[in-house]
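Here are the chains, one letter per residue:
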Amino acid sequence: MAYHYVAFNDFANSISVGSYTGNNTDSRAVATPSFQPEFVMVRADDAATGRAANWHPSSLAGDNTLLFTSTASGTNRIQAFQPTGFQLGTSTDVNANTV
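In this report, we go over the structure that sits alongside the text.

Conventions adopted
Residues numbered from 1 in each chain as written. Predicted model: local features only at pLDDT ≥ 70, side-chain atom pairs only at ≥ 80, totals over all residues. Heavy atoms only, no water. Helix = DSSP H or I, 4+ residues; strand = E, 2+ residues; numbered from the N terminus. Contact = heavy atoms within 4.5 Å. Pairing = 2+ DSSP bridges. Axes fitted to C-alpha atoms, helices over the stretch in contact; angles between N-to-C directions. Patch = residues over 30% accessible without salt bridge, like charges linked within 9 Å, V, L, I, M, F, W, Y side chains within 5 Å. Areas by Shrake-Rupley, 256 points an atom, 1.4 Å probe, with all protein chains shown as cover. Salt bridge = Lys/Arg side-chain N within 4 Å of Asp/Glu carboxyl O. Buried < 20%, exposed > 50% of the residue type's maximum accessible area, 1.4 Å probe, protein only.

**Some remarks on the side chain of serine 91**
For step 1, the next point in the chain: With respect to the helices and strands, the residue serine 91 is situated in the loop between strand 9 (85–88) and helix 1 (92–95).
For step 2, the next point in the chain: Dropping the residues within four chain positions of it, serine 91 is found in contact with Asn76, Arg77 and Ala96.

Have a look at this one:
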């Protein structure tokens, strides 16, 4: 199983759709977008546990991530935007080992 993401920015050719395998490593860099995104959404390909989709716009301060659930926000998920992608925390919603 994998996590799937969509990342985009406000300039030409700045959308990236991809996937990665979780490894439960804090401050993990996902550099496959090859640009600094302004928005990232991550969803686990895991119907068994019902992990929520997570999204982080550039306007959201700090280590906060919004969820597509009744929970307002969480931390240790999509932690930051980087010049070539984004950084993840250890939350099982975005980076569980072997998902």
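The rest of the description comes next.
**Examining unusual backbone geometry**
For step 1, the next point in the chain: One non-glycine residue, asparagine 13, lies in positive phi territory at about 60 degrees.
For step 2, the next point in the chain: Within the secondary structure layout, asparagine 13 lies in the loop between strand 1 (3–8) and strand 2 (15–20).
For step 3, the next point in the chain: Although it is not a glycine, serine 27 sits at a positive phi angle of roughly 60 degrees.
For step 4, the next point in the chain: By the element assignment, serine 27 lies in the loop between strand 2 and strand 3 (28–30).

**Comments concerning the sheet that holds strand 5 (residues 54–57)**
For step 1, the next point in the chain: Read across the open sheet, the six strands follow the order 2-1-4-5-6-7; overall the sheet is antiparallel. Edge strands, defined here as strands with exactly one partner in the open sheet, are strand 2 and strand 7 (73–75). When strand polarity is set aside, the average angle formed by the axes of neighbouring strands in this sheet is 25 degrees.
For step 2, the next point in the chain: Note: strand 1 against strand 4 (residues 39–44), six bridges, orientation antiparallel. Bridging from a neighbouring strand, alanine 7 pairs with valine 40 of strand 4.

**So, a nonpolar patch on the surface**
For step 1, the next point in the chain: Residues Phe8, Ile15 and Val17 make up a contiguous nonpolar surface patch of about 310 Å² in total accessible area.
For step 2, the next point in the chain: Considering the arrangement of structural elements, one finds isoleucine 15 in strand 2.
For step 3, the next point in the chain: For isoleucine 15, a relative accessible area of 58% puts it in the exposed group.

**A look at the sheet that holds strand 3**
For step 1, the next point in the chain: Here three strands make up an open sheet; going across it, the order is 3-9-8 and the pairing antiparallel. The open sheet has two edge strands, strand 3 and strand 8 (78–82), and neither has a second partner. Averaged over neighbouring strand pairs, the angle between their axes works out to 25 degrees when direction is ignored.
For step 2, the next point in the chain: Across three bridges, strand 3 lies against strand 9 in antiparallel orientation. Bridge pairing in strand 9 places valine 30 opposite phenylalanine 86.

**Details of the pattern of salt bridges**
For step 1, the next point in the chain: This model, assessed by the stated rule, comprises one salt bridge.
For step 2, the next point in the chain: Arginine 77 is paired through a salt bridge with aspartate 93; the nearest N and O atoms lie 2.4 Å apart. Note that arginine 77 is positioned in the loop between strand 7 and strand 8 and aspartate 93 in helix 1, a separation of 16 residues in sequence.
For step 3, the next point in the chain: In this structure aspartate 93 comes out as buried when scored by relative accessible area, which is 12%.

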